[in-house]
Every structure is written in C-alpha cells, then in structure tokens.
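Structural features, examined
Spelled out, the chains give:
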Amino acid sequence: SATAVAGRVMSAAAKRKDDRVHKKVPAKRGRQRKPAEKVMSREVRDMIPESQQYMQLLDFEKRLDSTLMRKKLDIQDFMRKPMKVKRIVRLFISNTHTNQPTPGDVSDEANPPEWTLRIEGRVLDDPSIKDARMKRRFSTFLNRVFVDFDSTAGVEDNIVEWNRATNSVVTDGFEITRRGSAPVRTTIMLDLDIQPPKYKLAQTLAETLGLQSAARADVILALWQYIKTNDLQDPQEREFFKCDAHLRRAFRAERMKFSEVPAALNQMLLPVDPLVFYYEICVDPSVPRKQQTYDIEIETDDNVRASLNSFMLSTNMQSDLKSLDEQIHDLIQELERTRSKRDFMMGFATDPQQFLSAWVSSQVKELSALSASTNLPEAQRHASFYCQPWVDSAVQRYFTAVANDTRMAAQQQTQEFPR
C-alpha cells in the first residue's frame, strides 16, 4: 500500500541519518591530529569517572611537548656554535733497512741495499668513540706532507711531496723507500688541516691584539673588542674608527671604515708555519731500530655534535608517537559512538512515548532536508495524507518509471557488450 511505501521511505531516511552519525570514518594518514581531537567530551567524562586521569595525562603531555620544543631550540642554537675539542695525535717517525752491507761483504747487485722511512700517526684513545671505524685516520688531519732528504747523501729524488685531494685515500701513515747504504739527514714538514682555517698574524697586528694565530672571524672579533675597549669608534660617523699608535703601525692609516677591515686583513693574515721534524735515517745493522715520537695537539669536531644531529633528525620516535595518537583518536571516536547509542537507549527506556514522538519529528525534519524540500505541508505528517485516491496511481507511475529506467539500462549494457 501507499502507507507502507511511505513508511519504508521514512525508515530509509532514518537509516541514512544513523549511518552518517555512527559510521566510523577512517583516520587520514599523514596528517597530524589536533590536540582537540584527543579530548573527551563533557558527556563522556561524566559517564566515566576514571577519565579525569586521562585528562591529566593530556595536560602533562602538553607541558612535556612544550619542554621538548624548548630543548630542541636550545640544541639547535648550541649546534650553530663551533664545537671543538682538543685531541692528541701521536706521531711516529722510524725507518727500516734491508741488504745493508757489513765489513767484508761483497756487494750484490741483484739485492741492492735499501731503506724505508715510515711516518705514522694515530689519535690517542677517545673514550667518547666506541666504534673503531668512527676514528679518524692520520692523513685526514693533514693538508700537505713535505719530505726533504739531504742531497749530499746521494739519494735519488730527494724531495717527496704529498698533497691532500678530494679523492685521496685515507691512511694511517706514509712509507718512502730509497736505495742507499749511508745515513741520511731528513727534514719532514707537516701542514695540518685546521677547520676553520687559522692564520698567522703579522707581527704588528699580533702585538696589538695579543694573538699569534687565529681564525679570520676571531681576528675580526678581537679587533672590534680592541676598538670598543679603547673607545676608537667615531661618535659622529659610526662606520669609521680612529687608529691609535698601535693600529697606525698595523694598518698605516689615521682613520678607517669598518667595511675596509676585511680587505686590509688579507695582507696581514699569513699561512700558519708547518710543523718541522728532523730525523736521521740509520742503516747500520748493528744499531737497534730507533723511533722518534711526538705529540701534536689538534682541534677536532666534538663527537657530541654527530650524536645531537642524529637525535634531531631521528624520525623513529615521531612515527611511534603518531601511531599512538591515531589509536587514541580512534578510541575517542568509539567512546563517542557508544555514548550516542547509550543516550538513544536511555531516552527510549525513560519515556518511550515522548521519545518516539521527538524522534519521529526529528526524522521528518531529516527527510525534508534529504528531499531538498524545506516547506513540507503539515498534512504530510499524518497517515491519512497517503490514503487519498491519487496515491495509488502515483505509486504505480513511480514503479513504472523505475522499471523503464532499469530496462533501458539493461538494453544499453547489452549493446555495449554484444555476445
């Protein structure tokens, strides 16, 4: 009957509303949950007394996130500053020899006498480095190695030079082999790889600033401190400073612009002198092998920087926290759905007649919204409206139209996919 059809339509509308209310919407991955999405509603908190502990945890999490953010900012600020620590590189200089003649021996041209100079080095044990593979090799501390053998000793190719290149193989030492059976005086010069680069100051500037060698930035900072301490900045033209007797000897000017300082320093910052070592190669078989040892103090990057950098770039913890936030969000949604079902059942159990009247009224409004008709007559709320003579013919026309649409769709599908 028409009444039954109308009832089914209203039931379908009510089901669609219930599906929209209770349908579980999957969480979108890759989007961070807002804090409000993890907060329980007041109704759920009234139903579950233990939820107060959960709200306290949320407040604690908020304060913890704020603290962690401040610490991360502090770490980032700390990592911008140079982090250098002093280490000791122990240098070993020695030599070996083979086929050296002794008194009364006959020379053997097939096995000529030879000697080998060995220059080795290693960083003394660093307790902060647990993995031996993380330790720096000796050649990474050097830019240049220059070895000069005494030319009077008859050594072929008496000058040997090694320069560090981008594709240089890192090593813990160097070996130089030459033929000979006489002692050889040797001069070894090492240019250290210092980062940031350091320079030796010209004598006049070094006496003024009290620095013998320093990086360019440290020199400019020391010069600014000197100008500020001695009140040499021009009070009228702040971009100028006056040169006192010491600065006049260094820069040979009465007055300078601050912007001219970097160019003037280019002439006063000289390469740092290399480390020079002297060694005499001994080829006497009766003399025990000798080895000279030196300790070189160097500045290297602190290993804490690498640890902090890995901590800042680590995403494992973030992914775990994100997964937990997704689970919490899903549980909060489930609690809200359960509360909605409970309120529905409790309302029906308390006063069934009033609840059903209010529920039917809300469903009529929902049906009106779904049918895009906002001004439905009051008569359509009553069953007598659907018992009028025109209803049967209207329903028949509706079913006929649905059947025609279905038949036409089937025919079109048959034409598109013939047997």
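Since the model is a prediction, treat every value here as computed from it, not as a measurement.

**Concerning a nonpolar patch on the surface**
A cluster of nonpolar side chains, namely Phe344, Met345, Phe348, Leu356, Trp359 and Val360, defines an oily patch on the protein surface of about 540 Å² accessible area. Looking at the nonpolar patch, the elements with two or more residues in it are helix H9 (316-350) and helix H10 (352-370). Mapped onto the secondary structure, phenylalanine 344 falls in helix H9.

**Observations regarding the packing of aromatic side chains**
Applying the stated criterion across every chain, the model contains 12 aromatic pairs. Relative to tyrosine 386, the ring of phenylalanine 385 lies with its centre 5.1 Å away and its plane at 90°, an arrangement referred to as edge-to-face. The structure contains a cluster of three or more aromatic residues connected by ring pairs, namely Phe344, Phe348, Phe355 and Trp359. The ring of phenylalanine 240 carries the charged tip of arginine 255 above its face, separated from the ring centre by 3.9 Å. Against the face of tyrosine 279 rests lysine 290, its NZ or CZ located 5.2 Å from the ring centre.

**Here's the deal with the sheet that holds strand S13 (residues 291-301)**
Spatial strand order, S5-S2-S1-S13: 4 strands in an open sheet with antiparallel pairing. Strands with a single pairing partner mark the edges of an open sheet, and in this sheet they are strand S5 (173-179) and S13. Adjacent strand axes in the sheet meet at a mean angle of 20° when their direction is disregarded. Pairing between strand S1 (residues 84-98) and S13: 11 bridges, direction antiparallel. Looking across to S13, one finds that valine 89 is bridged to isoleucine 296.

**What to know about the confidence of the model for the chain**
Of the residues in the chain, 82% have a pLDDT of 70 or more, and the chain-wide mean is 82. The least confident element of the chain, judged by mean pLDDT, is helix H1 (residues 2-22) at 41; the most confident is strand S12 (residues 275-281) at 95. Counted against residues more than four places away or in other chains, residues 1-30, with its pLDDT under 50, gives 37 contacts.

**Let's talk about the nonpolar core**
Counting residues in each nonpolar core, the largest one holds 24 residues, and the members touching the most others are Leu91, Trp115, Leu117, Phe149 and Ile281. Elements that contribute at least two residues to this core include exactly S1, strand S2 (114-123), strand S3 (142-149), S5, strand S6 (184-192), S12 and S13. At 4 residues, S3 tops the list of elements feeding residues into this core. Apart from residues lying up to four places away in sequence, leucine 91 is in contact with Ile119, Glu120, Gly121, Phe138, Leu190, Phe277, Gln292, Thr293, Tyr294 and Ile296. Formed by 21 residues, the second largest nonpolar core is a distinct cluster that contains Ala206, Leu223, Met256 and Val261.

**Quick look at the sheet that holds strand S7 (residues 198-201)**
Within a sheet, neighbouring strands are paired by backbone hydrogen bonds and run either parallel or antiparallel to one another. With antiparallel pairing, the 3 strands of this open sheet are ordered in space as S8-S7-S11. The sheet terminates laterally at strand S8 (213-215) and strand S11 (269-271), the two strands that pair on one side only. The mean inter-strand angle of the sheet, taken between neighbouring strand axes irrespective of direction, is 55°. Relative to S8, S7 runs antiparallel, the two sharing 3 bridges. Bridged to lysine 200 within S8 is serine 213. On top of the sheet, helix H5 (residues 216-229) reaches S7, S8 and S11; it is set at about 100° to S8, its chief contact.

Reading guide: rules and limits
- Residues numbered from 1 in each chain as written.
- Predicted model: local features only at pLDDT ≥ 70, side-chain atom pairs only at ≥ 80, totals over all residues.
- Heavy atoms only, no water.
- Patch = residues over 30% accessible without salt bridge, like charges linked within 9 Å, V, L, I, M, F, W, Y side chains within 5 Å.
- Areas by Shrake-Rupley, 256 points an atom, 1.4 Å probe, with all protein chains shown as cover.
- Salt bridge = Lys/Arg side-chain N within 4 Å of Asp/Glu carboxyl O.
- Helix = DSSP H or I, 4+ residues; strand = E, 2+ residues; numbered from the N terminus.
- Phe/Tyr/Trp six-rings, centres within 6.5 Å; stacked < 30°, edge-to-face > 60°.
- Lys NZ or Arg CZ within 6 Å of the ring centre and 35° of its normal.
- Pairing = 2+ DSSP bridges.
- Axes fitted to C-alpha atoms, helices over the stretch in contact; angles between N-to-C directions.
- pLDDT = per-residue confidence, 0-100.
- Contact = heavy atoms within 4.5 Å.
- Core = buried A, V, L, I, M, F, W, Y, C linked by side-chain atoms within 4.5 Å.
- Buried < 20%, exposed > 50% of the residue type's maximum accessible area, 1.4 Å probe, protein only.

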